[in-house]
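Here's the letter readout for the chains.
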Amino acid sequence: MTVATINRHLGYQHELCPTADGWIFVLGAGGIEGWDSDVRPPPDHMTLATAEELAGLDFDIFLAQTVPDWNWAQEHVTDKPVVCLEHCTPLILSPYEAHPNTNLLVVANNLMAQMWVSHNDLEPVVIVNGVTQDEYPEWCGGNERVLTLRNAHKQRGEYTGYELWSKVAEAFPVDLYGFDNEGWQNSRDWVKTKALFQTYEVYLDCTICNQPGFALLEAMATGMPIVCRTVGEYPITVEHGVSGFSFSGDDLGNVYPYLFCLLRDDKLRQRFSEAVRERAARLFSGERFRREWRQVFERAVGK
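Residues numbered from 1 in each chain as written. Predicted model: local features only at pLDDT ≥ 70, side-chain atom pairs only at ≥ 80, totals over all residues. Heavy atoms only, no water.

### Looking at the overall build of the chain
So, step 1. For the chain, the count of helices and strands is twelve helices and 13 strands.
So, step 2. Considering the chain as a whole, with its 303 residues, one finds that 54% of them fall into the buried category.
So, step 3. Within the chain, residue pairs in contact and separated by at least 24 positions form 62% of the contacts whose partners lie at least 6 positions apart.
So, step 4. Carbon and sulfur atoms make up 48% of the accessible area of the chain, which amounts to about 13500 Å² in all. (Helix = DSSP H or I, 4+ residues; strand = E, 2+ residues; numbered from the N terminus. Buried < 20%, exposed > 50% of the residue type's maximum accessible area, 1.4 Å probe, protein only. Contact = heavy atoms within 4.5 Å. Areas by Shrake-Rupley, 256 points an atom, 1.4 Å probe, with all protein chains shown as cover.)

### Considering the confidence of the model for the chain
So, step 1. Counting all residues, the mean pLDDT for the chain is 77, and 69% of those residues have values of 70 or more.
So, step 2. Of all the helices and strands in the chain, helix H4 (residues 94-98) carries the lowest mean pLDDT, 45, while helix H11 (residues 266-283) carries the highest, 96. (pLDDT = per-residue confidence, 0-100.)

### Quick notes on the pairing of strand S1 (residues 2-6)
So, step 1. Where burial is concerned, most of S1 is hidden: five out of the five residues are buried.
So, step 2. Here S1 shows two buried faces, one formed by Thr2, Ala4 and Ile6 and the other by Val3 and Thr5.
So, step 3. Pairing of S1 with strand S4 (residues 61-64) involves three bridges; the strand directions are parallel. Bridge pairing links valine 3 to isoleucine 61 in S4. (Pairing = 2+ DSSP bridges.)

### Regarding the pattern of salt bridges
So, step 1. Per the stated rule, a full pass over the model turns up seven salt bridges.
So, step 2. Aspartate 266 is the partner of arginine 269 in a salt bridge, and the nearest nitrogen-oxygen pair spans 2.5 Å. In this pair, arginine 269 and aspartate 266 both sit in helix H11, three residues apart, roughly one turn of the helix.
So, step 3. Classification of aspartate 266 by relative accessible area gives exposed; the value is 52%. (Salt bridge = Lys/Arg side-chain N within 4 Å of Asp/Glu carboxyl O.)

Written out as structure tokens, the structure reads:
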């Protein structure tokens, strides 16, 4: 069973690769330049292909991760099943009525699943993100600053919580790492990125999202003390006051006390670190993530 996808979300590529016998990255479609090995080493048994080359390659499923992927697949992948992530659908109703080869939808939480069923009788599969904890060295701290890592741009500030993060940065020693964003520190080197998770004292996540992103889960897997925003009905990323601090909304008063507390309390950081690492292994494991995706791919090809 071979899965083809456009090179976009590194977390999906890296974690899902073992679920298929082969994995093909389609390069140059939808504005994507190609695989950047400096960000994260390419997984094993991976084939790189251009959009033009894909037609001559043998694969079983196409995974659409964003709207351009989905649109590209409708034109170029007409005889294969297409599996979609929820955020790649431009409209609620028309895409699935117009393109029957899109036969499975993967969503982030039960609330999203209920919405899709109520609108067009789909039965989406709920899969929460997961990461392989063994790949991350255990947190030790030492850099008395707050870390945020986002693969997103300032123009997506409402989604990434960039404005809230900027306000926090005026009062706290916060460093924001990202990919090719003006004014942000670069985080393209995978080894150095893991060292950031290991050495910063606190991880701050201001993202508005339907489920925890891979950067946040990587921080959890490392055991970083975390302050994060809660949105939606996905499994609460951290247990407030037990494995981290959580806040809602845009009120800075909801963020400041937690950062002050964590930066000043060594014992609390250590307690949160141990609790969040255990929580990541239990609820957000890469093994569970890959198993559930394998089941989706098997359903797509009728196994």
